[in-house]
Amino acid sequence: MSETLQIDSARYGKWAVIAGGSEGVGAAFADELGRAGFDLLLIARKPGPLEDTAAAVREHGVEVRTLALDLLADDAVEQIRTATADLEVGLFIFNAGANSYGHEFVTGDLDGFRGVIDLNVHRQIELAHLFGARMKDMGRGGIMLLGSLAGYMGSEHQSIYAASKAFSRVFAESLWLELAPYGVDVLELVLGVTRTPAMERAGLNFDVPGMLVSEPEDVAREGLEHLADGPVWVAGGNYKAAVKRSGFPRDALVRGAAEAMRALLNR
Ligand SMILES: NC(=O)c1ccc[n+]([C@@H]2O[C@H](COP(=O)([O-])OP(=O)(O)OC[C@H]3O[C@@H](n4cnc5c(N)ncnc54)[C@H](OP(=O)(O)O)[C@@H]3O)[C@@H](O)[C@H]2O)c1
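Bear in mind the structure is a predicted one, so any value in this text is a computation, not a measurement.

Draft legend 1. Spotlight on the pairing of strand β2 (residues 39–44). Counting buried residues along β2, 6 of its 6 residues qualify, which places the element largely inside the surrounding structure. Every second residue of β2 is oriented toward a common face, with Asp39, Leu41 and Ile43 on one face and Leu40, Leu42 and Ala44 on the other, all of them buried. Each parallel crossover has a hand, and for strand β1 (residues 15–19) linked through helix α2 (residues 24–35) to β2 it is right-handed. Bridging between β2 and strand β3 (residues 64–68) involves 5 bridges; their strand directions are parallel. Within β3, the residue paired with Leu41 across the bridge is Arg65.

Draft legend 2. Broad picture of a nonpolar patch on the surface. Together, Phe105, Val106 and Leu110 line one region of the surface with nonpolar side chains, adding up to about 310 Å² of accessible area. Following the sequence through the fold, Val106 ends up in the loop between β4 (89–94) and α5 (110–138).

Draft legend 3. The arrangement of helix α8 (residues 216–225) in detail. Along α8, the residues classified as buried are Pro216, Val219, Ala220, Arg221, Gly223 and Leu224. Where the residues of α8 are buried, they touch α2, β4, β5 (141–148) and β6 (184–191).

Draft legend 4. The nonpolar core, seen in detail. In this structure, Phe29, Leu33, Leu40, Leu91, Ile93, Met144 and Leu224 are the most contacted members of the largest nonpolar core, which totals 31 residues. Contributions of two or more residues to this core are made by β1, α2, β2, α3 (47–58), β4, β5, β6 and α8. In terms of residues, this core owes the most to one element, α2, which gives 5 residues. Ile43, Val77, Leu127 and Phe131 belong to the second-largest nonpolar core, a separate cluster that totals 30 residues.

Draft legend 5. Layout of the packing of aromatic side chains. Under the defined criterion, the tally for this structure stands at 5 aromatic pairs. When the centroid spacing of 5.1 Å and the interplanar angle of 70° are considered together, the rings of Tyr101 and Phe113 count as edge-to-face. Pair noted here: Tyr101 is in the loop between β4 and α5 and Phe113 is in helix α5, with a separation of 12 residues, a long-range link. Ring pairs connect the aromatic residues Phe92, Phe94 and Phe131, which therefore count as one cluster. Across from the ring centre of Tyr182, 4.6 Å away, lies the NZ or CZ of Lys136, which sits over that ring.

Draft legend 6. Structural view of the environment of Glu3. Take Glu3: it is sitting in the segment before α1 (9–12). Classification of Glu3 by relative accessible area gives exposed; the value is 59%. Note: C-alpha distance between Glu3 and Val121 (118 residues apart in sequence) is 35 Å.

Draft legend 7. Spatial organisation of the site of the ligand. Near the ligand you find 26 residues, and of these Ser22, Arg45, Asn95, Tyr161 and Thr196 are the closest. The contact in question runs from an oxygen atom of the ligand to an N or O atom on the side chain of Ser22, over 2.6 Å. The side chain of Arg45 places a nitrogen or oxygen atom 2.7 Å from an oxygen atom of the ligand. Here the ligand loses 95% of its free accessible area of 840 Å² to cover by the protein chains. Within the residue set of the shell around the ligand, elements represented by two or more residues are β5, α6 (159–179) and α7 (197–201). In terms of residues, the shell around the ligand owes the most to one element, β5, which gives 3 residues. Class assignment for the residues of the shell around the ligand results in 11 nonpolar, 10 polar and 5 charged.

Draft legend 8. Spotlight on the side chain of Gln124. You can see Gln124 is positioned in helix α5. Taking relative accessible area as the criterion, Gln124 reaches 2% and is therefore assigned buried. Among the polar contacts listed, one links the side chain of Gln124 to the backbone oxygen of Asn120, at a separation of 3.5 Å. Beyond its immediate stretch of four places on either side in the chain, Gln124 contacts Phe94, Leu119, Leu145, Phe167, Ser168 and Phe171.

Draft legend 9. Region of the structure containing the packing of helix α4 (residues 76–83) against α5. Packing of α4 against α5 leaves a shortest axis separation of 10 Å and a crossing angle of 25°. In terms of orientation, α4 and α5 fall into the roughly parallel class. Crossing of α4 over α5 shows right-handed handedness. Within the contact between the two elements, α4 uses Ala76, Val77, Ile80 and Arg81 and α5 uses Arg123, Glu126, Leu127, Leu130, Phe131 and Arg134.

Criteria and cut-off values
Residues numbered from 1 in each chain as written. Predicted model: local features only at pLDDT ≥ 70, side-chain atom pairs only at ≥ 80, totals over all residues. Heavy atoms only, no water. Buried < 20%, exposed > 50% of the residue type's maximum accessible area, 1.4 Å probe, protein only. Helix = DSSP H or I, 4+ residues; strand = E, 2+ residues; numbered from the N terminus. Right-handed = clockwise from strand over helix to strand, strands pointing away. Pairing = 2+ DSSP bridges. Patch = residues over 30% accessible without salt bridge, like charges linked within 9 Å, V, L, I, M, F, W, Y side chains within 5 Å. Areas by Shrake-Rupley, 256 points an atom, 1.4 Å probe, with all protein chains shown as cover. Salt bridge = Lys/Arg side-chain N within 4 Å of Asp/Glu carboxyl O. Contact = heavy atoms within 4.5 Å. Core = buried A, V, L, I, M, F, W, Y, C linked by side-chain atoms within 4.5 Å. Phe/Tyr/Trp six-rings, centres within 6.5 Å; stacked < 30°, edge-to-face > 60°. Lys NZ or Arg CZ within 6 Å of the ring centre and 35° of its normal. Near = heavy atom within 4 Å. Polar contact = N/O pair within 3.5 Å; in protein donor to acceptor, adjacent residues only side chain to side chain. Nonpolar A, V, L, I, M, F, W, Y, C, P; charged D, E, K, R; others polar. Axes fitted to C-alpha atoms, helices over the stretch in contact; angles between N-to-C directions. Parallel < 35°, antiparallel > 145°, perpendicular 65-115°, else oblique. Left-handed = near helix turned anticlockwise from the far one by under 90°.

Structure (structure tokens):
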């Protein structure tokens, strides 16, 4: 990426926190923000990729701290509160949240589904609460939540993930309304299929004819450039798909998308 990111560091700086900042879109956010002069706290579970990403971002001459932590741990929010107590956090990105458990609902494991809700709903709101309150007091800042085209309609084998992303989008809209008067931007960055390590590990077929596949670096940059264009920004050329999925009648739309998803997942 050659050009420097156009972002208002006076509004969002100096520290940015990325929950899920070690790989894929999260690492791309870190790289862009490091180039733009932000100091960073990166959070992820696996220490190896986390330290590798931190070391690469430090090459841009900024301070990068790491917190190797499972966001599902009971004390995760307290650990993050402590780790950021001395930092002026002007930007918070909640990136972690790919589907960790997909199954037909009625035969699925409820604890698996609860894990998706714990990360994508509970941790998201707890951390938005923590950083949003501080930003409101500062009178500036930005919060970005990662959404998905999956959050626009129900689908087989990812009922809870899809519902959690619908929650995120509606939550982001509310937060955007409430925080805008205090100079805090809120954005739900909606992604379509994106070539991340998590999706590669999940065995996603990126070669379905006609399917748009985004690169992490492109959607991260697009999201950062549109932080002030909330409450929702659909990245990667997927705007028309989001509009279509928002329409009626629901039966034809939901069935049609399910057929496309079967092709994507080789089912
Ligand atoms: N990729 C796509 O096609 C796509 C499409 C639509 C929306 N999205 C959204 O984009 C975001 C990023 O997705 P992704 O594909 O990069 O996968 P992801 O599994 O959400 O991984 C992103 C980052 O989050 C960290 N992470 C995941 N679970 C964590 C946990 N429990 N505690 C701490 N850190 C955790 C990962 O590192 P560790 O594994 O080391 O923890 C990694 O750094 C998600 O919110 C996803 O829903 C992605």
